[in-house]
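# Breakdown of the fold
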Amino acid sequence: MKLKKFEKMTRAEVIVFCLMALFSGVVIGIGGVSSLLSISLFGNWGRLVGGALFSLGIFAIVTYEMRLFTGMVADIPAMGLKNCWKLPVCFICNALGVALIALLAYYSPLSDKIVGQGQAVISAKLNAELWGIKAFFSSILCGILITLSVKSVKFAPQKGLSATVGVIFPIIVFAFCGFDHSVANMLYFYYLGEISWQIVGYILLTVLGNIVGGVALPCAILFKEYVNAKKQQINEQ
């Protein structure tokens, strides 16, 4: 895994990048709405149904090569500091995409079933004891699973069914467990309709946790490649 040089992008490429990040947020928003609806209709079992529905969003993102913040953090070890500007830009565009779906769903027939559920989900997390620590560690676990999902396309032994399963199942696990996804959480915050330092802190902690969890596997792979390279050098001597 080699560090990437600074990627100079044309104006058109920047626009395409932002559009792909925006549509990624749209897909995540749709997945979040589906998950909330499932919980509202089926209770605790709805988390499993919602996880399956949410995973289709990540599958679409991977298939159409959209730009999702929590997927991009897996590239940080090879990205280089000069290319890290893409991360905040991607997050903002993702959040705008989620906001668009939150608005559309709010004025749809689903509103009565999803808005209150979204408020309940995030209120429970904000009111929990040690909410900051829980948010951080929960988002680390989410970051690990998201990286397992997006990297499975590259490392799956076969690019057909095994890659598809590799993309979908980690997402079902994170959604079922309720781990914090910094982009998906924006849907809940929009429906909460409030802003405070606690909410800002919660968002920042989940972003940081997603990054920590997201880079864990790539760093391990990078270290493995380094050890193998050193071993090969010794064998060649």
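All residue numbers refer to position in the chain's written sequence, counted from 1. In keeping with the model being predicted, local features are shown solely for residues with a pLDDT of at least 70 and side-chain atom pairs are shown and tallied solely at 80 or more, while totals for entire chains, interfaces and linings include all residues. The basis for the side-chain values is all heavy atoms of the structure; hydrogens and waters are excluded.

Once that is clear, we can look at the overall build of the protein chain. Under the DSSP-based scheme used, a helix requires at least four consecutive residues in state H or I and a strand at least two consecutive residues in state E, with every element numbered from the N terminus. The helix and strand inventory of the protein chain stands at 10 helices and 0 strands. Along the protein chain, from the amino end to the carboxyl end, the secondary structure elements read α-α-α-α-α-α-α-α-α-α. With C-alpha atoms as the basis for the radius of gyration, the globule rule is written as 2.2 Å multiplied by the number of residues raised to the power 0.38. Relative to the 2.2 N^0.38 estimate, which gives 18 Å for 237 residues, the radius of gyration of the protein chain is 19 Å and therefore close to what a compact globule would have. When contacts within the protein chain are restricted to residue pairs at least 6 apart in sequence, long-range pairs at least 24 apart make up 81% of them. To measure how exposed things are, a 1.4 Å probe is used in the Shrake-Rupley method; for residues, cover is taken only from the protein chains shown. Accessible surface, the protein chain as shown: approximately 12,900 Å² in total, 69% of it carbon and sulfur. Throughout, a contact is declared for two residues whenever any of their heavy atoms are within 4.5 Å.

Attention now goes to the packing of helix α6 (residues 111-126) against helix α10 (residues 197-236). Note on geometry: axes are lines fitted to C-alpha atoms, helical ones only across the stretch in contact, with angles between N-to-C directions running from 0 to 180 degrees. At a minimum axis distance of 11 Å, the contact between α6 and α10 shows a crossing angle of 90°. On the basis of the axis angle, α6 is roughly perpendicular to α10. Contacts between α6 and α10 involve I122, K125 and L126 from the first element and Q198, I199 and Y202 from the second. Three classes are used, and their members are as follows: Ala, Val, Leu, Ile, Met, Phe, Trp, Tyr, Cys and Pro are nonpolar, Asp, Glu, Lys and Arg are charged, and the others, Gly among them, are polar. Considered class by class, the residues forming the contact of α6 with α10 number 4 nonpolar, 1 polar and 1 charged. Orientation labels follow simple angle bins: below 35 degrees gives roughly parallel, above 145 gives roughly antiparallel, 65 to 115 gives roughly perpendicular, and whatever is left gives oblique.

Attention now goes to unusual backbone geometry. Even without a glycine there, the phi angle at E65 is positive, about 55°. Structurally, E65 can be placed in the loop between α2 (45-63) and α3 (69-72). Throughout, exposure labels follow a simple rule: accessible area from a 1.4 Å probe, protein chains only, divided by the maximum for the residue type, with under 20% read as buried, over 50% as exposed, and the rest as partly exposed. E65 gets classed as exposed once you look at its relative accessible area, which sits at 64%. A positive phi is found at L130, a non-glycine position, where the angle reads about 55°. Along the chain, L130 falls in the loop between α6 and α7 (131-155).

Here we take up the nonpolar core. For the purposes of this section, nonpolar cores are sets of buried Ala, Val, Leu, Ile, Met, Phe, Trp, Tyr and Cys residues that join through side-chain atoms within 4.5 Å. Counting residues in hydrophobic clusters, the biggest one holds 50 residues, and the most contacted among them are I28, I58, F69, I114, F189 and Y191. Examining the composition of this core, we find that 9 residues originate from one element, helix α5 (residues 86-106), more than from any other.

What follows concerns the side chain of N210. In this structure, N210 sits in helix α10. Looking at N210, the relative accessible area reads 0%, which means it is buried. Within 3.5 Å is the distance limit for a polar contact, defined as a pair of N or O atoms, with the added protein rule that one can donate a hydrogen and the other accept it, and that residues adjacent in sequence qualify only through two side-chain atoms. A distance of 2.8 Å separates the side chain of N210 from the side chain of S182, its partner in a polar contact. Ignoring sequence-local partners within four residues, the contact set of N210 consists of T70, V73, S139, I140, C142, G143, D180, H181 and S182.

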